[in-house]
Amino acid sequence: MADESPKPDLQEGVSVGALRDGDMLLGRVGDDDVLLARSGNQIFAVGAHCTHYHGPLSDGIVVDGTVRCPWHHACFSLETGDAVRAPALDPIACWRVERQGDRVTVREKIDAPATRPPRLTGPTPSSVVIVGGGAAGLAAADMLRREGYGGPVTMISADDSPPVDRPNLSKDYLAGTAQEDWMPLRSPEFYTDNRIELMLGSRVSSIDAARKEVLLGNGARHSFGALLIATGADPIHLPIPGADAQHVHYLRSFADSKAVIQKTQQAKKVVVAGASFIGLEVAASLRNRDIAVDVVAPERVPLERVMGVELGRFIQTLHESHGVVFHLGETVKSIDGRRVSTSGGSTLDADFVVMGVGVRPATALAEQAGLAVDRGIVVNEYLETSVPGIFAAGDVARWPDRRTGERVRIEHWVVAERQGQAAARNILGRREVFDDVPFFWSQHYDIPINYVGHAERWDEVRVDGSPDAHDCTVSYLLANRRLAVATIYRDRESLQAELEMERSS
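The present account deals with the structure reproduced in this document. (Residues numbered from 1 in each chain as written. Predicted model: local features only at pLDDT ≥ 70, side-chain atom pairs only at ≥ 80, totals over all residues. Heavy atoms only, no water.)

1. What about the overall build of the chain?
In terms of regular secondary structure, the chain is built from nine helices and 36 strands. Relative to the 2.2 N^0.38 estimate, which gives 23 Å for 505 residues, the radius of gyration of the chain is 24 Å and therefore close to what a compact globule would have. With the C-alpha coordinates aligned to their principal axes, the bounding extent of the chain is approximately 80 × 60 × 50 Å. On the chain, roughly 21900 Å² of surface is accessible, and the fraction owed to carbon and sulfur atoms is 47%. (Helix = DSSP H or I, 4+ residues; strand = E, 2+ residues; numbered from the N terminus. Rg over C-alpha atoms; globule rule 2.2 N^0.38 Å. Areas by Shrake-Rupley, 256 points an atom, 1.4 Å probe, with all protein chains shown as cover.)

Put into structure tokens, the structure is as follows:
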């Protein structure tokens, strides 16, 4: 938790000895909360709050000239304030630091330059086309401009809305605690000011890799010097009677979430098919609206495949304490009006149904274009596909994970954003290996769960603390090697685990 003691006035100065390497001090400069941080022999003064969800950076950690946010692991340069790793996209402010003898004093705020000097040193593509309007696509377009790329950038999105904060679609926005104007990742002015052509409601029908063109459904063609495929994944539609009814909903887009919210105005009972993270977050959000929720899922323990039995049972008990009724070991067999039949013989009453039974990577365009596909678009360590100049990022990409030696495809928001950023830099010739440790967070009522690493299988689970006490660290090990860590209200431990995985690979 953030320190609630009075904040020292950093304009009056503090002793250098009060800060060891890696230490931070939360203070104030005028009306601003300011973080004083030491990295090596240098001392910096920066904004105290993350620009993503306003997380307290003083509860984070300092690593190699950066500060990392405890909530969702955004990372900022202490020297420039730049958001160097998603999910934050905007910089934090910086103040001038004056050091005299054993005293450090914070002076005036440093104005951010109107434009940063170009970082490009070699040839760049004549234009960049991004297919997809989600996390990876937006992060890539943003990074292209931040890196100084001046050529045409076009984002082609099948969605009707600009890129939005998708994790919130099943969390606060659906629960009714986040306003609609909070949802866009960027303002309309951002795209205009940065000369990013955003084509909404547009669907790419094919890619001509040889001619370096994409063909749209309306017959228009767009040439590209480099292409990023960030088409994400599509919800799985169950082949059962009634699954195509109008009161059966999927949650992938802003429009999907709005449609569900519209239905909640008159609904009293809802069935959620699937105990995935999305499904359970939807359940929690609907309970926040005082709607009765039944969850039907084939697992014996919710989220057991991802979180293990210990955390899975805790999450189940947490939802049950809020009134959610589980029908585990069952699937939805049919939907007939308000009647939902399960494989176990139950008949449930529902004003509407939300399907959360998983997604499949949207690989059709890549397959048609002749790119290598294997349960996702196959990319190398630079996120480049089997065709030079064509990259893929986000839920659709399967890349080599050097920690396990296997190819992986991970459906995490932060992973998608960071891959979009890495792909953008590699489109510009940087040749940076993507090796970020995967991270995601999930919210169930007032309980956040942070997860770092990636464990598709494990032979041991170690629990430190107590999930029931909302204070624990759960480690997933294979052959005595820690592959992933889940935490509840142990944010600093989550950051330390991420750092440990980075340095051990």
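2. What to know about the pairing of strand 22 (residues 325-328)
Looking at chain direction, strand 21 (residues 292-297) and strand 22 are connected through four bridges and run parallel. Within strand 22, the residue paired with Val295 across the bridge is Phe326. Handedness of the crossover joining strand 21 and strand 22 through helix 6 (residues 304-321): right-handed. (Pairing = 2+ DSSP bridges. Right-handed = clockwise from strand over helix to strand, strands pointing away.)

3. A closer look at the nonpolar core
Among the nonpolar cores identified, the biggest contains 64 residues, and Ile130, Leu144, Val214, Leu227 and Leu228 are the most heavily contacted of them. Ranked by the residues each element gives to this core, the list is headed by helix 8 (residues 413-427), at eight residues. In this view, Leu227 contacts Val129, Val131, Ile207, Val214, Gly389, Ile390 and Phe391; residues no more than four positions away in its chain are not counted. Among the nonpolar cores identified, the runner-up in size contains 47 residues, and Val260, Val270, Tyr445 and Val474 belong to it. (Core = buried A, V, L, I, M, F, W, Y, C linked by side-chain atoms within 4.5 Å. Buried < 20%, exposed > 50% of the residue type's maximum accessible area, 1.4 Å probe, protein only. Contact = heavy atoms within 4.5 Å.)

4. What to know about empty space enclosed by the protein
The full count for this structure, using the stated rule, is one cavity of 30 Å³ or more. Lining the largest cavity, in full, are Cys50, His52, Tyr53, Gly55, Cys69, Trp71, His72, His73 and Ala74. For the lining of the largest cavity, a count of residues per class yields five nonpolar, four polar and no charged. (1 Å grid on protein atoms, 1.4 Å probe; cavity = no way out; pocket = protein on both sides within 12 Å on 5 of 7 lines; lining within 4 Å. Points joined across faces, edges and corners; volume = space filled by probe spheres on them. Nonpolar A, V, L, I, M, F, W, Y, C, P; charged D, E, K, R; others polar.)

5. Description of the sheet that holds strand 2 (residues 24-29)
Taken in spatial order, the six strands make up an open sheet running 1-10-9-4-3-2, and their pairing is antiparallel. Edge positions in the sheet fall to strand 1 (14-15) and strand 2, since each of these pairs with one other strand and no more. As paired strands, strand 4 (residues 42-47) and strand 9 (residues 94-100) are joined by two bridges and run antiparallel to one another. By the bridge assignment for strand 9, Ala45 is matched with Trp95.

6. Quick word on the packing of aromatic side chains
A full pass over the atoms with the stated rule returns nine aromatic pairs. Taking the centre distance of 6.4 Å and the plane angle of 25° together, the rings of Phe439 and Trp441 count as stacked. Overall, the relative accessible area of 9% leaves Trp441 in the buried class. Pairwise contacts between aromatic rings join Phe277, Phe440, Tyr451, Trp458 and Tyr476 into one cluster. The positively charged end of Arg186 is found above the aromatic ring belonging to Phe190, 4.6 Å away from the centroid. The lysine or arginine in question, Lys258, covers the ring of Phe254, its NZ or CZ lying 4.3 Å from the ring centre. (Phe/Tyr/Trp six-rings, centres within 6.5 Å; stacked < 30°, edge-to-face > 60°. Lys NZ or Arg CZ within 6 Å of the ring centre and 35° of its normal.)

7. Looking at helix 1 (residues 135-146)
Count 3.6 residues to each turn of an α-helix, and residues three or four apart come out pointing the same way. Between the first and last C-alpha of helix 1 there are 16 Å, a value that for twelve residues agrees with the 16 Å anticipated at 1.5 Å per step. Within helix 1, eleven of the twelve residues are buried, which leaves it mostly tucked inside the rest of the structure. Among the residues making up helix 1, those that are buried are Ala135, Ala136, Gly137, Leu138, Ala139, Ala140, Ala141, Asp142, Met143, Leu144 and Arg145. Looking at the buried side of helix 1, the elements it contacts are strand 11 (128-131), strand 12 (153-156), helix 3 (188-193), strand 13 (196-199), strand 17 (226-229) and helix 8. Gly148 sits one or two residues past helix 1 and shows a positive phi near 95°. (Expected span 1.5 Å × (residues − 1).)

8. Considering the pattern of salt bridges
Counted under the stated rule, the structure contains 40 salt bridges. As a salt-bridge pair, Arg28 and Asp9 come within 3.9 Å of each other at their nearest N and O atoms. Note that Arg28 is positioned in strand 2 and Asp9 in the segment before strand 1, a separation of 19 residues in sequence. A salt bridge links Arg186 to Asp90, with the nearest nitrogen and oxygen atoms 2.5 Å apart. Here Arg186 is found in the loop between helix 2 (172-175) and helix 3, whereas its partner Asp90 is found in the loop between strand 8 (83-85) and strand 9, with 96 residues between them in sequence. Under the relative-accessibility criterion, Arg186 is labelled buried at 12%. Look at the salt bridges and you will find they share partners, linking Arg68, Arg85, Arg418, Asp436, Glu498 and Glu502 into a network. (Salt bridge = Lys/Arg side-chain N within 4 Å of Asp/Glu carboxyl O.)

9. A few points about the sheet that holds strand 24 (residues 339-342)
Taken in spatial order, the three strands line up as 23-24-25 in an open sheet, and their pairing is antiparallel. With partners counted over all chains shown, the strands left at the sheet margins are strand 23 (332-336) and strand 25 (347-349), one partner each. On average, adjacent strands in this sheet sit at an angle of 25° to one another, irrespective of strand direction. Direction of pairing for strand 23 relative to strand 24: antiparallel, over a ladder of four bridges. What sits directly across from Ile335, in strand 24, is Val340. (Axes fitted to C-alpha atoms, helices over the stretch in contact; angles between N-to-C directions.)

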